[in-house]
Amino acid sequence: MKSILDNRPQLSKQVYEVAEVAGYLWQKGWAERNGGNITINITDEIDDEIRKMPAISDRVEIGKKLPNLKGCYFYCKGTNKRMRDLARNPMDNGSVIRILDDCSSYEIIADNPVKPTSELPSHLSMHNFLIGKGSTYKAALHTHPIDLIAMTHNPEFLAKDKLTYLLWSMIPETRAFCPKGLGIIPYKMPGSIDLAEATIKELEDYDVVMWEKHGVCSVGENIMEAFDMVDTLSKSAQIYLTAKSMGFEPEGTSKEDMDALKIAFNLPK
Ligand code: 2HA
Ligand code: ZN
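### A closer look at unusual backbone geometry
So, step 1. For the bond running from Ala110 to Asp111, omega is -25 degrees, close enough to zero to count as cis.
So, step 2. With respect to the helices and strands, Asp111 occurs in the loop between strand 5 (105–110) and helix 4 (120–132).
So, step 3. Of note in this structure, Arg33 is not a glycine but carries a positive phi near 40 degrees.
So, step 4. You can see Arg33 is positioned in the loop between helix 1 (9–27) and strand 1 (37–41).
So, step 5. At Asp161, a residue that is not glycine, the phi angle is positive and equals roughly 65 degrees.
So, step 6. Inspection of the secondary structure puts Asp161 in the loop between helix 5 (146–151) and helix 6 (162–168).

As structure tokens, then:
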């Protein structure tokens with residue numbers, strides 16, 4: 001079957017990176033059933049031939065006007081599709097959409113009319129926000145990491161930057177590779193515009209945000225970067241939980257050592 005990826009090595013590379021990460025999400029136990037979603041802004045890879053491709057779906061309302069997305073293209077995981085299937089076959093479990101000129105609707109253009117993720121309002125809001133602030137980030141990831149979600153069931157951890165400092169203090173890499181820390185968003189209905197709006201508000205200060213009792217959202221230059229930040233935070237959460245399960249409260253890196261790290265790595269916070 002003909003695919004939009006045929007003879008487009010750059011576009012293929014990006015989509016197959018998504019497939020690689022989808023496999024990691026499944027292996028980690030972060031992607032039960034259809035859990036989680038990924039979108040990539042592929043507008044830079046779009047040529048005239050793609051621009052002329054006809055729609056293969058009806059026009060669909062996003063539910064929100066997103067002025068920076070006019071004429072943009074995204075690869076999106078499909079709603080109800082499984083990460084473990086996407087890992088093997090990204091173009092049957094996701095599709096390419098074009099944002100229309102009204103900036104509030106989209107159509108699917110390739111390869112199959114697979115309806116995009118239920119979290120499309122949050123994902124597209126994040127991309128709209130990123131473009132608006134001149135960011136070169138192209139990837140948005142939402143996933144369900146067991147350890148990090150479990151931590152959001154403790155109201156004490158939901159105070160601003162409480163989890164950030166706790167997780168940073170478990171292993172120095174976490175502060176170095178997730179230097180803005182972890183934003184917290186109180187529970188909201190999955191897939192809602194409310195959740196989308198709360199998410200972009202937190203992205204002002206963070207690259208990774210927790211959706212209380214639901215999951216994590218992260219943004220990055222590419223999907224590997226977005227994944228690595230969540231993976232690093234999850235490693236810290238596991239160190240914390242392992243110490244607790246051995247019966248003691250982990251000591252955490254001292255304030256002096258944390259401050260020295262901040263200076264040595266020239267970290268923002
Ligand atoms: O795609 O994870 O939040 C399924 C979800 C919705
Ligand atoms: Zn989810």
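There's more to say after this.
### Topic: the packing of aromatic side chains
So, step 1. Tallying each qualifying case throughout the model produces 4 aromatic pairs.
So, step 2. With a centroid separation of 5.4 Å and 40 degrees between ring planes, the pair formed by Tyr24 and Phe227 is classed as tilted. Here Phe227 lies in helix 9 (residues 223–245) and Tyr24 lies in helix 1, a separation of 203 residues in the sequence.
So, step 3. Measuring from centroid to centroid gives 6.0 Å for Phe157 and Tyr240, while their planes differ by 80 degrees, and the two rings are edge-to-face.

### Overview of the sheet that holds strand 9 (residues 215–220)
Pairing between sheet strands relies on hydrogen bonds along the backbone, with the strands arranged either parallel or antiparallel.
So, step 1. In spatial order, the strands read 2-5-4-3-1-6-9-8-7; together these 9 strands make up an open sheet with mixed pairing. Edge positions in the open sheet fall to strand 2 (60–61) and strand 7 (182–185), since each of these has one partner strand only.
So, step 2. On the sheet, helix 8 (residues 193–203) packs against strand 7, strand 8 (208–211) and strand 9 and is oriented at approximately 150 degrees with respect to strand 7.

### With respect to the pairing of strand 9
The side chains of a regular strand alternate, residue by residue, between the two faces of the sheet.
So, step 1. With respect to burial, strand 9 is a largely interior element, 6 of its 6 residues being buried.
So, step 2. Side chains Gly215, Cys217 and Val219 project from strand 9 onto one buried face, and the interleaved Val216, Ser218 and Gly220 project onto a second face that is buried too.
So, step 3. Inspection of the sheet shows strand 6 (residues 139–143) paired to strand 9 by 5 bridges, in the antiparallel sense. Paired with Thr143 across the two strands is Val216, which belongs to strand 9.
So, step 4. In this sheet, strand 9 lies alongside strand 8 in antiparallel orientation, the contact comprising 4 bridges. The residue bridging Trp211 from the neighbouring strand is Gly215, located in strand 9.
So, step 5. Once strand 8 ends, the chain turns through 3 residues before running back antiparallel as strand 9, passing Lys213 with a positive phi of about 55 degrees.

### Focus: the site of ligand 1
So, step 1. Residues in close proximity to ligand 1 include Asn34, Gly35, Gly36, Asn37, Ser118, Glu119, His142, His144 and His214, which together make up its full environment.
So, step 2. The side chain of Asn37 places a nitrogen or oxygen atom 2.9 Å from an oxygen atom of ligand 1.
So, step 3. Contacts to ligand 1 include His144, whose side-chain N or O atom sits 3.0 Å from an oxygen atom.
So, step 4. Counting atoms within 2 Å of the grid points, the majority share of ligand 1 lands in the second largest pocket.
So, step 5. A per-class count over the shell around ligand 1 returns no nonpolar, 8 polar and 1 charged.

### Looking at the coordination of the zinc ion (ligand 2)
So, step 1. In the first shell of the zinc ion (ligand 2), the protein supplies His142 (NE2), His144 (NE2) and His214 (NE2), at 2.0 to 2.1 Å from the metal.
So, step 2. Motif for the zinc ion (ligand 2), donor spacing along one chain: H-x1-H-x69-H. As far as the burial class goes, His142 and His144 line up, both buried.

Reading guide: rules and limits
Residues numbered from 1 in each chain as written. Chains lettered and ligands numbered in written order. Predicted model: local features only at pLDDT ≥ 70, side-chain atom pairs only at ≥ 80, totals over all residues. Heavy atoms only, no water. Helix = DSSP H or I, 4+ residues; strand = E, 2+ residues; numbered from the N terminus. Phe/Tyr/Trp six-rings, centres within 6.5 Å; stacked < 30°, edge-to-face > 60°. Pairing = 2+ DSSP bridges. Contact = heavy atoms within 4.5 Å. Axes fitted to C-alpha atoms, helices over the stretch in contact; angles between N-to-C directions. Buried < 20%, exposed > 50% of the residue type's maximum accessible area, 1.4 Å probe, protein only. Near = heavy atom within 4 Å. Polar contact = N/O pair within 3.5 Å; in protein donor to acceptor, adjacent residues only side chain to side chain. 1 Å grid on protein atoms, 1.4 Å probe; cavity = no way out; pocket = protein on both sides within 12 Å on 5 of 7 lines; lining within 4 Å. Sits in = over half its atoms within 2 Å of the grid points. Nonpolar A, V, L, I, M, F, W, Y, C, P; charged D, E, K, R; others polar. Donors = N, O, S within 2.8 Å, 3.2 Å for Na, K, Ca; no water.

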